[in-house]
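Chains, contacts and geometry: an overview
These are the residues of each chain, in order.
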Amino acid sequence: MIIALCGFMGSGKTTLGKILSEKLGWRFCDTDEYIEKMEGKSIPNIFAQYGEEYFRELEHKAIKELSMGDKIVLSLGGGLPISHKNKVVLKNLCVIYLDSSFESCYERIKNTDRPIVRQKTKEQLKKLFEDRKLHYKEVSKFVVASDNVKEMAEQIFEFVKEELQ
Ligand code: S3P
């Protein structure tokens, strides 16, 4: 089984993914880190040199490859669940949506070098956050709506325990 955490940038996917993978004794993997290793370049460099479309192709390749594994907790890049071809792959995984509030996501991402954050104003990011919600819900089996990491970890773990039975 693969458990994949989805949600907006800054929703806590990496933090919670690491907690969950430790609790389960499973491998943790982040699609962005996988792409960075694949290309030998950082995400901002890939965007700057080749553009977003090229990055989205790499993202598709990454999720196709990673979906072949087992006993993995995956953190999905915030834009990954949007395209139809990625949604098809995600159907085979146990996807959980981390529905954190925009303000808490924004606080965590505003001073980072994420290309999408650097390209947009706060208002534009808020719009993107709202537009993506439906996509995240569509691919997910379970939704955790909270801004508290400890509370989210507990809820996710309860859900996962049921799924594993
Ligand atoms: C993106 C989110 C990022 C990364 C890239 C694009 C997005 O991942 O994949 O910068 O489109 O939302 P995180 O959600 O892990 O920050």
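Residues numbered from 1 in each chain as written. Predicted model: local features only at pLDDT ≥ 70, side-chain atom pairs only at ≥ 80, totals over all residues. Heavy atoms only, no water.

Turning our eyes to something else, we now look at the overall build of the protein chain. When helices and strands are counted, the protein chain shows 9 helices and 5 strands. Along the chain direction, N to C, the helices and strands of the protein chain fall in the order β-α-β-α-α-α-β-α-β-α-α-α-β-α. The C-alpha radius of gyration computed for the protein chain amounts to 15 Å, which stays within 12% of the reference 15 Å derived for 165 residues, consistent with globular compactness. Overall size of the protein chain, expressed as C-alpha extent along the three principal axes, is 45 × 35 × 25 Å. The buried share of the protein chain, taken over its 165 residues, is 47%. Taking the intrachain contacts of the protein chain between residues at least 6 apart in sequence as the baseline, contacts between residues at least 24 apart amount to 73%. (Helix = DSSP H or I, 4+ residues; strand = E, 2+ residues; numbered from the N terminus. Rg over C-alpha atoms; globule rule 2.2 N^0.38 Å. Buried < 20%, exposed > 50% of the residue type's maximum accessible area, 1.4 Å probe, protein only. Contact = heavy atoms within 4.5 Å.)

Taken together, 14 residues are adjacent to the ligand, and Lys-13, Asp-32, Arg-56, Arg-114 and Arg-132 come closest. One nitrogen or oxygen atom from the side chain of Lys-13 is found 2.5 Å from an oxygen atom belonging to the ligand. Note that an oxygen atom of the ligand is positioned 2.7 Å from one of the side-chain N or O atoms of Asp-32. When residues of the shell around the ligand are traced back to their parent elements, those giving at least two are helix 4 (52–66) and helix 7 (115–119). Sorting elements by how many residues they give to the shell around the ligand places helix 4 first, with 3 residues. (Near = heavy atom within 4 Å. Polar contact = N/O pair within 3.5 Å; in protein donor to acceptor, adjacent residues only side chain to side chain.)

A word on the nonpolar core. Ranked by internal contacts, the top residues of the largest apolar core, which has 35 residues, are Phe-8, Ile-63, Leu-74, Leu-76, Leu-90, Leu-93 and Leu-125. Residues within four places of Leu-90 in sequence aside, it is in contact with Ile-63, Leu-76, Leu-80, Pro-81, Val-95 and Val-139. Counting 18 residues, the second-largest nonpolar core is a separate cluster that includes Leu-24, Phe-28, Met-152 and Ala-153. (Core = buried A, V, L, I, M, F, W, Y, C linked by side-chain atoms within 4.5 Å.)

Of note, Ser-104 is situated in helix 6 (residues 102–109). Engagement of the side chain of Ser-104 in a polar contact is seen with the backbone oxygen of Ser-101, the distance being 3.2 Å. Apart from the residues lying within four places of it in its own chain, the contact partners of Ser-104 are Gly-10 and Asp-147.

Applying the stated criterion across every chain yields a total of 13 salt bridges. Taking the shortest distance from any N to any O, the salt bridge between Glu-59 and Arg-56 comes out at 2.8 Å. On the criterion of helical spacing, the pair formed by Glu-59 and Arg-56 is a turn pair, its members being 3 residues apart in helix 4. You can call Glu-59 buried: its relative accessible area is 1%. Ionic pairing is found between Lys-61 and Glu-65, a salt bridge with its closest N-O pair at 3.6 Å. With Lys-61 and Glu-65 both in helix 4 and 4 residues apart, the pair spans about one turn of that helix. According to the relative accessible area criterion, Lys-61 is partly exposed, its value standing at 41%. (Salt bridge = Lys/Arg side-chain N within 4 Å of Asp/Glu carboxyl O.)

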